[in-house]
Amino acid sequence: MVDELAGKVAIVTGGASGLGRGIVERFVAEGARVVIGDLGSGPVGDRGVELAQALGERALFHPTDVADREQVAALVATAVQAFGGVHVMVNNAGVSGRMHNRFLDDDLADFERVMAVNVLGVMAGTRDAARRMADDGGGSIINLTSIGGIQAGGGVMTYRASKAAVIAFTKSAAIELAHYGIRVNAIAPGNIPTPILRSSSAETDAAELSRFEERIRATMRADRPLQREGTPDDVAEAAVYFAGERSRYVTGTVLPVDGGTVAGKALRRRSQAKD
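The structure displayed is predicted, hence computed values, not measured ones.

Section: the nonpolar core
Next up, step 1: Membership of the largest hydrophobic core comes to 29 residues, with the highest contact counts inside it found for I23, F27, V34, V90, I142, I187 and V235.
Next up, step 2: The biggest single contributor to this core is helix α7 (residues 232–243), with seven residues.
Next up, step 3: For I142, the residues in contact, after removing those within four places along its chain, are V88, M89, V90, N91, N185, I187, A239, F242 and A243.

Digging into the packing of helix α1 (residues 18–29) against α7
Next up, step 1: Across the interface, α1 lies against α7 with an axial gap of 8 Å and an inter-helix angle of 55 degrees. One element, α1, and the other, α7, form an angle in the oblique class. The hand of the α1/α7 crossing is right-handed. Across the interface between the two elements, G18, L19, G22, I23, R26 and F27 from α1 touch P232, D233, V235, A236, E237, A239, V240 and A243 from α7.
Next up, step 2: For the contact of α1 with α7, a count of residues per class yields nine nonpolar, two polar and three charged.

Points about the environment of A79
Next up, step 1: When you line up the elements, A79 lands in helix α3 (residues 69–83).
Next up, step 2: Separated by 70 residues in sequence, A79 and V9 place their C-alpha atoms 7.5 Å apart.
Next up, step 3: Sequence-distant contacts of A79, defined by excluding residues within four places in its chain, comprise V9, I11, V35, G84, G85 and V86.

Looking at the packing of aromatic side chains
Next up, step 1: Taken as a whole and judged by the stated rule, the model has one aromatic pair.
Next up, step 2: Taking the centre distance of 5.3 Å and the plane angle of 50 degrees together, the rings of Y241 and F242 count as tilted.
Next up, step 3: Exposure remark for Y241: the relative accessible area of 26% places this residue in the partly exposed category.
Next up, step 4: For F242, a relative accessible area of 2% gives the class buried.

So, a nonpolar patch on the surface
Next up, step 1: A cluster of nonpolar side chains, contributed by F103, L108, F111 and M157, occupies part of the molecular surface with about 360 Å² of accessible area.
Next up, step 2: Relative to the elements of secondary structure, F103 occurs in the loop between β4 (88–91) and α4 (111–136).

Looking at the pattern of salt bridges
Next up, step 1: Going through the model one piece at a time under the given rule, you end up with 13 salt bridges.
Next up, step 2: For R21, the salt bridge identified is with E25, shortest N-O distance 3.2 Å. Separated by four residues within a single helix, R21 and E25 lie in helix α1, roughly one turn from each other.
Next up, step 3: The exposure class assigned to E25 is partly exposed, which follows from its relative accessible area of 36%.
Next up, step 4: Residues R127 and D128 are paired through a salt bridge, measuring 2.9 Å at the closest nitrogen-oxygen approach.
Next up, step 5: Exposure remark for R127: the relative accessible area of 38% places this residue in the partly exposed category.

Scoring rules and cut-offs
Residues numbered from 1 in each chain as written. Predicted model: local features only at pLDDT ≥ 70, side-chain atom pairs only at ≥ 80, totals over all residues. Heavy atoms only, no water. Core = buried A, V, L, I, M, F, W, Y, C linked by side-chain atoms within 4.5 Å. Buried < 20%, exposed > 50% of the residue type's maximum accessible area, 1.4 Å probe, protein only. Helix = DSSP H or I, 4+ residues; strand = E, 2+ residues; numbered from the N terminus. Contact = heavy atoms within 4.5 Å. Axes fitted to C-alpha atoms, helices over the stretch in contact; angles between N-to-C directions. Parallel < 35°, antiparallel > 145°, perpendicular 65-115°, else oblique. Left-handed = near helix turned anticlockwise from the far one by under 90°. Nonpolar A, V, L, I, M, F, W, Y, C, P; charged D, E, K, R; others polar. Phe/Tyr/Trp six-rings, centres within 6.5 Å; stacked < 30°, edge-to-face > 60°. Patch = residues over 30% accessible without salt bridge, like charges linked within 9 Å, V, L, I, M, F, W, Y side chains within 5 Å. Areas by Shrake-Rupley, 256 points an atom, 1.4 Å probe, with all protein chains shown as cover. Salt bridge = Lys/Arg side-chain N within 4 Å of Asp/Glu carboxyl O.

Dropping the structure here:
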């Protein structure tokens, strides 16, 4: 659809790269004005500035670390000041925990940072955006979780716990905020190439990092019922649905965008089984 989000103001955290960037670009293409919230220093900050410049007057970059509640509040205030309100809040920013060979070796050193970004950031973003939306007659809040928060599995335990917490929070917030006409839903991506998987590895050698990522993705592809590769635009399509009027009677839901992974493992074809 074209201009499905015309007249709406959206905030997308973690919007400088990966899934967040895909959502930002799609929202602007659909007619929204978007404030991009992401880290302000280093390559991430540079990408945020460049993205906003490329998208023109309907996009604005605001440096934000979502683990800092005051910065989240400032992000929402910037959207109101620059564009006059907030109709859609996408809490996308997230980090991965460090992957260990076994949980017994996990020192939990990254626990505070993962929880601060993945859970506190979502809660603060939801609360601060909802405060404005409640005064303006409602809105849509979209939280990014993961199939790792739905489906049990080994590895990156803190990350899995944080994404499960986002699901529970999303459903609880949906119940409470419905009184104000605010819808709260979650998207659970899975098996979509983004930089977050590589960041979970302890390896520093570039070649070994590539081999690590390919091993994990090969396993994901083998388990996925749909053979086509997922893309950031698949997630952006779901975000447009939740942000627009087509989902006006939908709240408290978790939508996997994962090629059917959480439904069950892919069935092997008979020809494959004979090999």
